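# Summary of the model geometry
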Amino acid sequence: MVDVHRMPTAVSENWDWQLRAACRDLDTAQFFHPDRERGLRREERDAKAKQVCHSCPVIVECRRHALATHEPYGVWGGMTEKERQVALADTTTRTVA
């Protein structure tokens, strides 16, 4: 008999959380910076994106996905690219130490 516990889960199970995301029907430009966006404009856009994230019912799943896949761009799970880089570096440092 086949051990179904070792089989990969259906793809939809890995992504269904996105159907409940607060950002689902919003313009992605709010979450991903345009080329050469810097300073106050970027900070303001990131802050607005994070406001959406903090009211999102799937913020944990989103953040977990972004960290697991090393998502390189945008605000995911209430975290910017830099914040994810720091979190991943901290995890690596704790694992090595």
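Structure: above.
This text gives an overview of the structure that appears in the document. (Residues numbered from 1 in each chain as written. Predicted model: local features only at pLDDT ≥ 70, side-chain atom pairs only at ≥ 80, totals over all residues. Heavy atoms only, no water.)

### So, the pattern of salt bridges
For the structure on display, the rule yields four salt bridges. Ionic pairing is found between Arg45 and Asp46, a salt bridge with its closest N-O pair at 3.0 Å. For the pair Arg45 and Asp46, a shared accessibility class is recorded, and that class is buried. Lys50 is the salt-bridge partner of Glu83, the closest N and O atoms lying 2.6 Å from each other. Here the residue Glu83 occupies a position in helix H4 (residues 81-96), and Lys50 occupies one in helix H2 (residues 39-54), the gap between them amounting to 33 residues. Through salt bridges with shared partners, one network takes in Glu37, Arg45 and Asp46. (Salt bridge = Lys/Arg side-chain N within 4 Å of Asp/Glu carboxyl O. Buried < 20%, exposed > 50% of the residue type's maximum accessible area, 1.4 Å probe, protein only. Helix = DSSP H or I, 4+ residues; strand = E, 2+ residues; numbered from the N terminus.)

### Some thoughts on the nonpolar core
Note that soluble globular proteins tend to have their nonpolar side chains buried in a common cluster. Trp17, Phe31, Cys53, Cys56, Val58, Val75 and Trp76 are the most contacted members of the largest nonpolar core, which totals 13 residues. Elements that contribute at least two residues to this core include exactly H2 and helix H3 (59-68). Ignoring sequence-local partners within four residues, the contact set of Cys56 consists of Ala21 and Ala22. (Core = buried A, V, L, I, M, F, W, Y, C linked by side-chain atoms within 4.5 Å. Contact = heavy atoms within 4.5 Å.)

### What to know about the layout of surface pockets
Space inside the largest pocket adds up to approximately 350 Å³. Lining the largest pocket are 19 residues, with Ala21, Cys23, Arg24, Cys62 and Trp76 sitting closest to its centre. Mapped by element, the contributors of at least two residues to the lining of the largest pocket are H2 and H3. Approximately 170 Å³ is the volume found for the second largest pocket. For the second largest pocket, the full set of lining residues is Arg42, Glu43, Asp46, Thr80, Glu81 and Lys82. Elements that contribute at least two residues to the lining of the second largest pocket include exactly H2 and H4. The element contributing the most residues to the lining of the second largest pocket is H2, with three residues. (1 Å grid on protein atoms, 1.4 Å probe; cavity = no way out; pocket = protein on both sides within 12 Å on 5 of 7 lines; lining within 4 Å. Points joined across faces, edges and corners; volume = space filled by probe spheres on them.)

These figures capture arrangement, not role.
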